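# Observations on chain architecture
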Amino acid sequence: MIVVASSNGRIGIEAAAQILRQGGTAVDAVEAGIRLVEANPEDHTVGYNGYPNILGEVELDASIMNGRTLESGAVGALKGYLHAITVARQVMDKLPHVLLVGDGASRFAAEMGNPPQPEMLLPETRTTWADRLRPDMNDADIAQIASRTDLAHWVELATDPERAKGTVNFIAQDRDGNICTGVSTSGWAWKYPGRLGDSPIIGAGNYADNRYGAAACTGMGEMAIRASTAHSLVFYLKMGLSLAEASERAMTDLCDLGGRFISVMNLIAIDKDGNHAGYSSDNGRTYIYQTPDMAECEELPRIVVPIPPRWG
Ligand code: GLY
């Protein structure tokens, strides 16, 4: 039994480990751990008080995958509800679908009885958003931004690759050997409205298969979508590579991506035996893990596989 998470999962990992300790399922552990991260206003990359899109609206992406059945649920560009991971799980449990986005996701969240959260931003975070649009826009321009027809231009000016990286990943394996992976994010700060990253895309930011292992990504989601990073890693495990070989191969695949926009990618992974690994293209990154016999999590450095950045 084990829980592995990105470092910003520290606030939720004990709750997830406690569920495993009490004999609960990996799916319950992952959902419980991520909900605490989503509720944390200090984390600007996930849930409440996450950095908004270019219009100043918080749009959440999340997914959950059950490695026993390969059942999955995901939501993208969810507005007005805090716990995107719970709505993703409800998609998995209640619908014959895998992914709901936008108005349909919000509508479903309401139908499932999730409490609405009309204001997702603290005032200081709204100020950070507005400050990013200055000095190119004045207050009147910012107030009118929703009616603009040139948002693509402003997204290029306002997006900050340094803020494209956050997300939370949880992977749990329960006492029956079942693996679950969950991912939740507010996505790329100042993104174009409706932009989805890798977090709600099964195979890109999230993949779990009891027979081989699981992987989840944080970083620039567009890269993980293009390289199918989470699925690739699990596929390499299926082909017989070790966890280290599979993780390194999934990272080096990203080096082959062309185009103008290449930034940071990070992943965590486990194999079917509960061995864990964390990788990053950046120095100094860490991940955490906790087994039920541990009183608190341990933080470990991620192995670095450099990916030369390109921007614009
Ligand atoms: N990895 C999160 C995102 O790109 O939205």
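Described in the following lines is the structure provided in the data block. (Residues numbered from 1 in each chain as written. Predicted model: local features only at pLDDT ≥ 70, side-chain atom pairs only at ≥ 80, totals over all residues. Heavy atoms only, no water.)

### Considering the state of the cysteines
Put simply, the test is: Put simply, a disulfide is two cysteine sulfurs that come within 2.5 Å. Three labels apply to residues, based on accessible area from a 1.4 Å probe with only protein chains included: buried if under 20% of the type maximum, exposed if over 50%, partly exposed otherwise in between.
By the definition in use, this model includes zero disulfides. With no disulfide partner, Cys217 has as its closest neighbouring cysteine sulfur the one in Cys255, 14 Å distant. For Cys255, a relative accessible area of 34% translates into the label partly exposed.

### Some thoughts on the pairing of strand β3 (residues 71-78)
What counts, and what does not: Runs of H or I in DSSP of at least four residues are treated as helices and runs of E of at least two as strands, each being numbered from the N terminus. Note on pairing: DSSP must find at least two bridges between two strands before they are called paired.
The buried count for β3 comes to seven of eight residues, which makes it a mostly enclosed element. As paired strands, strand β2 (residues 60-66) and β3 are joined by six bridges and run antiparallel to one another. By the bridge assignment for β3, Leu60 is matched with Leu78. Hairpin connection, β2 to β3: the antiparallel pair is bridged by four residues, and Leu70 has positive phi, about 65°. Relative to strand β4 (residues 99-101), β3 is paired through three bridges, and the arrangement is parallel. Its bridge partner lying in β4, Val75 is registered against Leu100.

### Some words on the side chain of Asn178
Rules: The contact rule is simple, with two residues in contact once any of their heavy atoms fall within 4.5 Å.
Mapping Asn178 onto the fold places it in the loop between β5 (168-173) and β6 (179-185). Overall, Asn178 belongs to the buried group, its relative accessible area being 16%. Not counting the four nearest positions on each side in its chain, Asn178 is found in contact with Ala26, Arg68, Ala172, Gln173 and Asn210.

### Digging into a nonpolar patch on the surface
Basically, it comes down to this: Candidates for patches are residues over 30% relative accessible area with no salt bridge; among them, like charges are joined within 9 Å and nonpolar side chains (Val, Leu, Ile, Met, Phe, Trp, Tyr) within 5 Å. Accessible areas in this description were obtained via Shrake-Rupley with a 1.4 Å probe; residue shielding takes into account the shown protein chains only. Whenever Lys or Arg places a side-chain nitrogen within 4 Å of a carboxyl oxygen from Asp or Glu, that contact is recorded as a salt bridge.
Together, Val98, Leu99 and Val101 make up a nonpolar patch on the protein surface, roughly 210 Å² of accessible area in all. With respect to the helices and strands, the residue Leu99 is situated in strand β4.

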